[in-house]
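Structural overview
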Amino acid sequence: MYSQKPQLRHYSLSDGLPSNTVYSIYQDSKGFIWFCTSWGISRFDGHHFETITSNHGLPDNETFQAWEDSWQRLWVSTYNGSPTYIYNGKVYSAQNDNLCRLMEKKKIGFYDIVPRWSLYSDQHTKYIIGKNSISNPKDSTAQSPYLHFSDQGIDYYVSAKRIIRKDYPGSTIIHTFKEKAVRTCFYFKGHLYTRHLNTLYDIVFKGNKPVEKKLKCPATSLILR
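Residues numbered from 1 in each chain as written. Predicted model: local features only at pLDDT ≥ 70, side-chain atom pairs only at ≥ 80, totals over all residues. Heavy atoms only, no water.

Take the overall build of the chain next. Secondary structure assignment for the chain yields one helix and 23 strands. Taken across its 225 residues, the chain has 48% of its residues classed as buried. Accessible surface, the chain as shown: approximately 12500 Å² in total, 49% of it carbon and sulfur. (Helix = DSSP H or I, 4+ residues; strand = E, 2+ residues; numbered from the N terminus. Buried < 20%, exposed > 50% of the residue type's maximum accessible area, 1.4 Å probe, protein only. Areas by Shrake-Rupley, 256 points an atom, 1.4 Å probe, with all protein chains shown as cover.)

Next comes the structure, spelled out in structure tokens:
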């Protein structure tokens, strides 16, 4: 019998990416995959790329990271650091949104905020973003997850060092990466993909223990087709 292997395909400018420089990839709750690039943030539906740039309201075209909050707002980290999110295809910033204006006034940036369902560790103070408000929890140790996803009805969070299962209440560390830090790529149909240097990890969720496989890849942006 032959084991199944994931098919990896290169995507480039000719496929619709706005730039070959991709800083990170994020999959939202609707299944769209977002590419944070040096020339805007691009949404991929499995066939086509739709790119959002400063022409659509982004404060800066260089985008580094993105994550979705409980209200399906996609928060975007841009080069100039101005609070920004995308909701229903529209860009919101301090130019047209009261929450972003409040964040800018308080000098709260992308890396200072966490979703409302945040986890906690012994790191540094973070602000929790509500629907129309910002709060600084008494437990000033909120950890910003690099990625949140659900698998078989269970919520998981991925940081640079571990995978954590949300148990409601509480949480459990179910996997710790051997490397000092990995970069999360995306989650797709039961597979979590993370990267360390030129090694791509395919992590399959079976029962309570993830199974980790190493896939060698070139130092370019890859996505599962």
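Now that the structure is up, let's keep going.
Attention now moves to the confidence of the model for the chain. Overall, the predicted model of the chain reaches an average pLDDT of 77, with 74% of residues at or above 70. Contacts of residues 116–125 to residues separated by more than four positions or lying in other chains number 35 contacts, the stretch itself having pLDDT below 50. Contacts of residues 219–225 to residues separated by more than four positions or lying in other chains number 31 contacts, the stretch itself having pLDDT below 50. (pLDDT = per-residue confidence, 0-100. Contact = heavy atoms within 4.5 Å.)

Moving on, we get to the pairing of strand β2 (residues 22–27). Of all six residues that make up β2, five are buried, and the element is covered over most of its length. As paired strands, β2 and strand β3 (residues 33–37) are joined by five bridges and run antiparallel to one another. Within β3, the position partnered with Y26 by the bridge is W34. (Pairing = 2+ DSSP bridges.)

In globular proteins that are soluble, nonpolar side chains generally tend to be buried together. In this structure, W34, I41, I52, L74, W75, I86 and M103 are the most contacted members of the largest nonpolar core, which totals 21 residues. Taken together, the elements giving at least two residues each to this core come down to β3, β6 (63–68), β7 (74–78), β8 (85–87), β9 (90–92) and α1 (98–105). (Core = buried A, V, L, I, M, F, W, Y, C linked by side-chain atoms within 4.5 Å.)

Let us now look at the packing of aromatic side chains. Counted by the stated rule, this structure contains eight aromatic pairs. Taking the centre distance of 6.5 Å and the plane angle of 55° together, the rings of F64 and Y79 count as tilted. Residue F64 is found in strand β6, and its partner Y79 is found in the loop between β7 and β8; the two are separated by 15 residues along the sequence. Ring-pair connections join several aromatic residues into one group, and the members of that group are W67, W75, Y85 and Y92. We note R43 situated over the ring of F32; from NZ or CZ to the ring centre the distance is 3.9 Å. (Phe/Tyr/Trp six-rings, centres within 6.5 Å; stacked < 30°, edge-to-face > 60°. Lys NZ or Arg CZ within 6 Å of the ring centre and 35° of its normal.)

The strand order β2-β3-β4-β5 describes an open sheet built from four strands, whose pairing is antiparallel. Because the sheet does not close on itself, it has two edges, and the strands there are β2 and β5 (49–52). Strand-to-strand twist of the sheet, defined as the mean angle between neighbouring strand axes without regard to direction, takes the value 20°. When strand β4 (residues 40–44) meets β5, the two strands line up antiparallel, connected through four bridges. In the strand pairing of β5, F44 is matched with F49. (Axes fitted to C-alpha atoms, helices over the stretch in contact; angles between N-to-C directions.)

Turning our attention to the pairing of β3. Within β3, five of the five residues are buried, leaving the element largely enclosed by the surrounding structure. Of the two faces of β3, the one holding I33, F35 and T37 and the one holding W34 and C36 are both buried throughout. If you look at the hairpin formed by β2 and β3, you'll find five residues sitting between the two strands, and G31 has a positive phi there, around 95°. Relative to β4, β3 is paired through five bridges, and the arrangement is antiparallel. Paired with F35 across the two strands is S42, which belongs to β4. Between β3 and the antiparallel strand that follows it, β4, lie two residues.

The next thing to look at is empty space enclosed by the protein. A full pass over the atoms with the stated rule returns one cavity of 30 Å³ or more. Each pocket or cavity is described by its volume, and for the largest cavity that value is around 50 Å³. Contributing to the lining of the largest cavity are twelve residues, with V76, S82, P83, T84 and F110 lying nearest its centre. (1 Å grid on protein atoms, 1.4 Å probe; cavity = no way out; pocket = protein on both sides within 12 Å on 5 of 7 lines; lining within 4 Å. Points joined across faces, edges and corners; volume = space filled by probe spheres on them.)

Let's shift gears to the sheet that holds β9. Sheets are built from strands paired through backbone hydrogen bonds, the pairs being either parallel or antiparallel. Spatial strand order, β6-β7-β8-β9: four strands in an open sheet with antiparallel pairing. Single-partner strands in this sheet number two, and they are β6 and β9. Pairs of neighbouring strands in the sheet enclose a mean axial angle of 30°, with direction left out of account. Pairing of β7 with β8, which is carried by two bridges, proceeds in the antiparallel orientation. Bridge pairing in β8 links L74 to I86.

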